[in-house]
Structures are given as C-alpha cells and as structure tokens.
Amino acid sequence: LPRRWADNFSAAGCGGTEEHGFQHPFLQAVGMFLGEFSCLGVFYLLVWRDRRRPEPSMALSQPFSSLLFLPPALCDMTGTSIMYVALNMTSASSFQMLRGSVIIFTGLLSVAFLGRKLELSQWLGILVTIVGLVVVGLADLHSSHDQKHKLSEVITGDLLIIMAQVIVAIQMVLEEKFVYKHDVHPLRAVGTEGFFGFIILALLLVPMYYIPAGSFSGNPRRTLEDALDAFCQIGHRPLIALALLGNISSIAFFNFAGISVTKEISATTRMVLDSLRTLVIWAVSLAVGWETFHGLEILGFGVLLAGAALYNGLHQPLLARLPRHVEEAGGTAEREGLLRGESTAINNES
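Looking at an unreviewed UniProt entry, one finds the protein chain named Solute carrier family 35 member F6, with Spheniscus mendiculus as its source organism. Quoted verbatim from the Subcellular location (unreviewed entry) heading of the UniProt record, the comment on the protein chain is "Membrane". Taken verbatim from the UniProt record of the protein chain, the Sequence similarities (unreviewed entry) comment is "Belongs to the SLC35F solute transporter family."

A. Seen up close, the overall build of the protein chain. Within the protein chain one finds 14 helices and two strands. For the protein chain, the proportion of contacts with a sequence separation of at least 24, taken over those separated by at least 6, is 80%.

B. Looking closely at the state of the cysteines. For the structure shown, the criterion picks out one disulfide. For C14, the disulfide goes to C232, at an S-S distance of 1.8 Å. Handedness of the C14-C232 disulfide follows from its S-S torsion of about 90°: it is right-handed. Residue C14 is located in the loop between β1 (10–11) and β2 (20–21), and its partner C232 is located in helix α9 (residues 227–236); the two are separated by 218 residues in the primary sequence. Classification of C232 by relative accessible area gives partly exposed; the value is 24%.

C. Molecular detail of the packing of aromatic side chains. All chains considered together, the criterion is met by six aromatic pairs. Ring geometry for F37 against F195: centres 5.4 Å apart, planes inclined by 55°, an arrangement best described as tilted. Separated by 158 residues along the polypeptide, F37 in helix α2 (residues 25–51) and F195 in helix α8 (residues 186–208) bring together distant segments of the chain. For F37, a relative accessible area of 27% gives the class partly exposed. F195 sits in the partly exposed class, given a relative accessible area of 35%.

D. Region of the structure containing the side chain of S121. Positionally, S121 belongs in helix α6 (residues 120–143). The contact partners of S121, leaving out residues within four places of it in the chain, are L310, Y311 and H315.

E. Structural context of helix α12 (residues 295–311). For α12, which comprises 17 residues, the first-to-last C-alpha distance of 25 Å matches the rise-based estimate of 24 Å (1.5 Å per residue) to within 8%. For α12, the full list of buried residues reads E297, G300, F301, V303, L304, G307, A308, L310 and Y311. Note on α12: the residue one or two positions beyond its end, G313, has a positive phi of about 75°.

F. Representation of the confidence of the model for the protein chain within the structure. Residues at a pLDDT of 70 or more form 80% of the protein chain, whose mean pLDDT is 79. Within the model, the stretch residues 325–346 combines pLDDT values under 50 with 57 contacts to residues more than four positions away or in other chains.

G. A look at the nonpolar core. The biggest cluster of nonpolar side chains holds 55 residues, and the ones touching the most others in it are F22, L201, L205 and I240. When near neighbours in sequence (up to four residues on either side) are disregarded, L205 contacts F26, L27, V30, E225 and A227. Counting six residues, the second largest nonpolar core, distinct from the first, contains F64, F69, V184 and A189.

H. Here's a closer look at the packing of α2 against helix α3 (residues 70–87). Two elements in contact, α2 and α3, have axes whose closest approach is 9 Å; the angle formed by their N-to-C orientations is 130°. Looking at the two axes, α2 sits oblique to α3. Considering the relative orientation of α2 and α3, their crossing is right-handed. Residues P25, F26, Q28, A29, M32, F33 and E36 of α2 form the contact with α3, whose participating residues are D76, M77, T80, S81, Y84 and V85. In terms of residue class, the contact of α2 with α3 is made up of eight nonpolar, three polar and two charged.

I. Broad picture of the UniProt feature "transmembrane region" (unreviewed entry) in the protein chain. The feature "transmembrane region" (unreviewed entry), as given by UniProt, occupies residues 26–47, 67–86, 98–116, 123–142, 154–174, 195–212 and 239–259 in the numbering adopted here. Within the segment residues 67–86, helix and strand shares are 85% and 0% respectively, and the terminal C-alpha atoms sit 29 Å apart.

J. Examining the environment of S66 more closely. Inspection of the secondary structure assignment puts S66 in the loop between α2 and α3. C-alpha separation for the pair S66 and T192, spaced 126 residues apart in sequence, amounts to 7.3 Å. With residues up to four places along the chain from it excluded, the contact list for S66 reads T192 and F196.

K. Looking closely at the pattern of salt bridges. Per the counting criterion, the structure on display carries two salt bridges. Linking R53 and D50 is a salt bridge whose minimum nitrogen-to-oxygen distance equals 3.8 Å. The exposure class assigned to R53 is partly exposed, which follows from its relative accessible area of 39%. You can call D50 buried: its relative accessible area is 4%. Among the ionic pairs, R221 bridges to D226, the shortest N-O distance being 3.8 Å.

L. Representation of the side chain of T90. Tracing the backbone through its elements, the reader meets T90 in the loop between α3 and α4 (92–98). Within polar-contact distance, the side chain of T90 engages the side chain of D158 at 3.2 Å.

M. Local environment of the packing of α3 against α8. Two elements in contact, α3 and α8, have axes separated by 9 Å at closest approach and are oriented at 55°. It follows from the interaxial angle that α3 and α8 lie oblique. For the pair α3 and α8, the crossing hand works out as right-handed. Note on element contacts: α8 touches α3 through E193, F196, G197, I200, L201 and L204, opposite L70, P72, A73, L74, D76, M77 and S81. Residues of the contact of α3 with α8, tallied by class, amount to nine nonpolar, two polar and two charged.

The rules behind these values
Residues numbered from 1 in each chain as written. Predicted model: local features only at pLDDT ≥ 70, side-chain atom pairs only at ≥ 80, totals over all residues. Heavy atoms only, no water. UniProt positions renumbered as here; feature names shortened; annotations may be inferred. Helix = DSSP H or I, 4+ residues; strand = E, 2+ residues; numbered from the N terminus. Contact = heavy atoms within 4.5 Å. Disulfide = S-S within 2.5 Å. Buried < 20%, exposed > 50% of the residue type's maximum accessible area, 1.4 Å probe, protein only. Phe/Tyr/Trp six-rings, centres within 6.5 Å; stacked < 30°, edge-to-face > 60°. Expected span 1.5 Å × (residues − 1). pLDDT = per-residue confidence, 0-100. Core = buried A, V, L, I, M, F, W, Y, C linked by side-chain atoms within 4.5 Å. Axes fitted to C-alpha atoms, helices over the stretch in contact; angles between N-to-C directions. Parallel < 35°, antiparallel > 145°, perpendicular 65-115°, else oblique. Left-handed = near helix turned anticlockwise from the far one by under 90°. Nonpolar A, V, L, I, M, F, W, Y, C, P; charged D, E, K, R; others polar. Salt bridge = Lys/Arg side-chain N within 4 Å of Asp/Glu carboxyl O. Polar contact = N/O pair within 3.5 Å; in protein donor to acceptor, adjacent residues only side chain to side chain.

Given below as structure tokens:
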C-alpha cells in the first residue's frame, strides 16, 4: 500500500520539469532492501541484550560465509525490481493475488532440484492456482478500460509479476539448499540479504541513470531510473518521503513480526493472515478509488485461495473429520513444503 501510495503522487522534477508521476521502481526497491537491512541491526541488538543475561538463550549458528546469501540476494533484487516495475502497470490487488503463482514454480523447482515428491493434492493445488491466475487475468482485462492503465500495460504488468515469481521460486530453492542447513537466525539472514541487495542495487542506480528505456520509463529523461529526479520530486512533495518511509518501515516490521511468531502459529493461521493481507489491500484500494470493483476478482481470489490450501495440505484436517478417513489420518504427518513453516522464503514480503 505505501508503494502504491507513492506511485500515485505527482510532482515537478529537477530543472523545472513539468509535474509528472512518481515512477521510480528501482529507487523504491532500494528502500525495500534498506528495510530488510535494518533487521540486521535488530539481530545484533537482540544478541547484545541476550549476552547481558545470566543465562543466554540464543543459540550460536554454525560458522558460515556471508557470501552464501549473495545468490538469494541477487534473486531477491531482480524479482523485487521487476515486481516494482509491474506495480506501476497494474492494480495493487492484482499484484498481490498474482504473487500466489509462486506456488507453481516453487513446487516444480523443488521437484527438479531438491528431489521432493509432491502429493496428489499438491499437484491439484498447482492446477487450481493456474485456473485462479487465468481468472484474475480476465478480471484485469475487463477492468482495464476504466483505469488509468492501458490494456497493453495491464497485460505486461501481470506477465512481469508472474515472471518475477519464477525468480522468487529460485530464491526459495537456493535458500532451502544452501542457507537453511547452517541454522542461521532468520533476522540475520534477512538483514544479510538486505545488505547485499541494498549495496548492489544502490550502485546500479548510477548506470541506470544513463541507460535509455524509451516509453518503458516514467521519468522525463526516459532512462531506466533517474534517482536525482526522484529526490527533486520528494523535495517538491514531501508527502512522497512519508510514503517511502512507510514502505521501509512496513518491510522491516513485516519481517521482524513474521519471524517472531513463525514458530507459534500453524500453517493454517499463516495462510489466513496472508489472505487477510490481500483482502485489506483490495479493500483499501477500492475505498480510496485506486481501482474499481469487479466480481471476477472475488472468484479469482477464491480459486487462488483454494489452490494454496490444497498445496499446503490444509484440506487434511477436514478429511480427517470424515469417518472413512479417521483411521488413515492417524498415521499421516503434515507434509512440509517450501511455502510452509521454517521453509518459507527468508524475506517473504518483498
């Protein structure tokens, strides 16, 4: 929501350029990584406080190289940047719903590279998710005529979001294969990835200032990113700074809160909370007039929700209540998946 709020601002740029929209996705991505990077400070603060206790409770992780986090950080940086570009082209609710496609690519990559075997219900969940993506896409096609985005922009934005989920799925597989085995504290993992992403993307803003992007760009110079124009717009419209600060703060709080409670709640609760997040984004977007209501979005959201529930095995408790499944359910353990429990992507907001 803070990202969409920032995108809706218009202000004059540098050198007296006329007022234009604040479309600086890569600069906003730098802010997101700054929010993740702040988790590293929280981690060391917790370590310092723990060491002052008579009996420290925080377990020390195995020795590891921080460069292990570089490949996932590069995936995070690429996927996040693509999604921020896409957010300028489509609605916030569709953006959030289409991110559910990560289930498809994570499931397929986990089979190919982690040697996992998916259950029948998980394959069914992937198929249902594909149907849900089609429905959400159709809703976008029907709603594009009464929004500020052209039909071509909406289609491009939706495809970019799905493309970004492939990269996010690769990030999850890399974290699962190389990072989790070192038992790294989640806050330290988030912060380290945020550090790499912040430094690399901040440095890339320099060449982006000179790379022409044509109509794909939203700044007056038509370059891939114009950070100077962004700062000039912030100077002319200070509320933009508040939106950017809200984005940074929400990223930091989301990661800290998610990590703090991840061991205390079930997969069902996590899924309900994530669904509520999508509903809140949708409701706020409708309330402030960022998008219009379309019934197909409700259908698409429901189908995506069903697909995620099947993939994560949330149907098993319901089946266990049926008389014919009581006996068989007694010896069935809840199957782990990449999108559940401690195997969730380290920074599952971006």
